[in-house]
Amino acid sequence: MIKKIEGIILTTTPYGDNSKIINVLTPDYGIIGIMGKGVKSIRNPLRAKTEKFTYAYFHIDYKENKLSKLIDIDIIDNFKKIRSDIELISYATYITELTNQIVKQNDSEEIYDLYKDVLIKINNGLNPLILTNILELKYLDYLGVGLNLEGCIKCGNKKDIVTIDPDIGGYICKNCYLNEKIISTKTIVMLRKYHLIDIKNISTINISKDVIEDINAFLSRYYERYTGLYIKSKDFLNKIKDIVE
Ligand SMILES: [Zn+2]
């Protein structure tokens with residue numbers, strides 16, 4: 001059956017000499033595997049349109065539970081700004097690989113929108129690290145290890161929160177505090193905002209550098225400790241980030 005389906009390419013796998021299998025995340029059908037016959041050859045007009053994080057309408061011969069066949073692609077947004085900047089490409093690559101891991105564990109339709117909105121905002125020039133961290137924080141809920149931001153992780157106390165600890169996995173109140181690293185109130189408040197904010201509504205971001213770095217460090221450690229995910233491109237991203245700064 002011929003269909004036109006909106007989606008974003010998560011992974012691409014070479015097939016034979018000049019073909020490619022692309023996995024496309026879609027809002028309505030989950031992930032669709034599509035065979036792009038001949039798309040790797042230099043003269044094929046679909047060559048440049050079958051790269052990772054291509055956001056488009058895919059015209060396909062749809063086959064349920066089998067590889068569909070690629071017919072044509074209409075680009076919705078080619079994320080020109082991202083593709084012209086090595087640092088932004090690294091961010092987009094990382095969140096694409098992360099999204100691929102998340103959808104393996106949870107088929108919620110909301111994941112598509114979160115991922116798409118972050119790509120759009122990064123392409124609009126908003127801070128890629130903040131957006132990546134917001135996405136990481138929101139994805140934790142879909143991995144079943146969402147951050148509990150309601151009260152102290154040990155006793156449930158909603159008041160007198162003194163810090164948040166990635167190893168213990170949440171807030172710690174005055175009564176339960178032992179010797180965990182103190183994270184500033186500003187960072188704690190901002191972490192909560194990251195969790196609540198609707199990505200679509202972000203138009204400007206103004207957060208101090210130390211808060212941004214604290215949150216990034218917190219999330220990296222929390223991911224290591226609680227998700228069991230290892231995303232290769234995050235290492236590369238951190239290296240690029242250090243070079244650029
Ligand atoms: Zn407590």
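Not measured: the values here are computed from a predicted model.

Visitor: Looking at this structure, how should I read the domain arrangement of the chain?
Guide: Many authors give the size of an interface as the accessible area that is lost as the parts come together. When the domains of the chain are assigned, the result is domain 1 (2–78) and domain 2 (82–244). Averaged C-alpha coordinates put domain 1 and domain 2 at centres separated by 30 Å. At the junction of the two partners, domain 1 supplies 13 residues and domain 2 supplies 15 residues. The set of elements that each furnish at least two residues to the side of domain 1 that touches domain 2 consists of β1 (2–15), β2 (19–26) and β3 (30–36). Split into classes, the residues belonging to the side of domain 1 that touches domain 2 amount to seven nonpolar, four polar and two charged.

Visitor: Mind showing me how you'd approach the nonpolar core here?
Guide: Counting 52 residues, the largest nonpolar core has V24, I95, Y115 and V118 as the members making the most contacts within it. When residues of this core are assigned to their parent elements, the largest contribution, seven residues, is made by helix α3 (residues 110–123). Two domains each donate at least three residues to this core, and these are domain 1 (2–78) and domain 2 (82–244). Sequence-distant contacts of I95, that is, excluding residues within four places in its chain, are made with Y115, V118, T132 and L135.

Visitor: How should helix α2 (residues 86–105) be read in this particular structure?
Guide: Quick reminder: α-helices carry 3.6 residues per turn. Residues three or four places apart thus point the same way. With 20 residues, α2 should cover 28 Å at 1.5 Å per step; its first-to-last C-alpha distance of 29 Å lies within 8% of that length. Every buried residue belonging to α2 is among S90, Y91, A92, Y94, I95, T96, L98, T99 and I102, and all of these are buried.

Visitor: Just to check I follow, could you spell out the sheet that holds strand β7 (residues 161–165) for this structure?
Guide: Taken together, the three strands give an open sheet; going across it, the order is β6-β8-β7, and neighbouring strands pair in mixed fashion. The sheet is open, and its two borders are formed by β6 (148–152) and β7, each paired with just one other strand. Pairwise comparison of adjacent strand axes, ignoring direction, gives a mean angle of 25 degrees for this sheet. Bridging between β6 and strand β8 (residues 170–173) involves two bridges; their strand directions are parallel. Bridge pairing in β8 places C152 opposite Y171.

Visitor: Looking at this structure, how should I read the sheet that holds strand β5 (residues 68–77)?
Guide: Strands in a sheet are paired, the pairing made by backbone hydrogen bonds, and the direction either parallel or antiparallel. If you trace the five strands once around the closed barrel, you get β1-β2-β3-β5-β4, paired in mixed fashion. Averaged over all pairs of adjacent strands, the angle between their axes in this sheet comes to 50 degrees, without regard to strand direction. Summarising the sheet, β1 and β2 pair through seven bridges and their orientation is antiparallel. Bridge pairing links P14 to K20 in β2. On the sheet, α2 packs against β1, β2 and β3 and is oriented at approximately 110 degrees with respect to β1.

What counts, and at which threshold
Residues numbered from 1 in each chain as written. Predicted model: local features only at pLDDT ≥ 70, side-chain atom pairs only at ≥ 80, totals over all residues. Domains from an automatic or database assignment. Contact = placed C-beta atoms within 7 Å. Helix = DSSP H or I, 4+ residues; strand = E, 2+ residues; numbered from the N terminus. Nonpolar A, V, L, I, M, F, W, Y, C, P; charged D, E, K, R; others polar. Core = buried A, V, L, I, M, F, W, Y, C linked by C-beta atoms within 7 Å. Buried ≥ 20, exposed ≤ 12 C-beta atoms within 10 Å, placed from the backbone. Expected span 1.5 Å × (residues − 1). Pairing = 2+ DSSP bridges. Axes fitted to C-alpha atoms, helices over the stretch in contact; angles between N-to-C directions.

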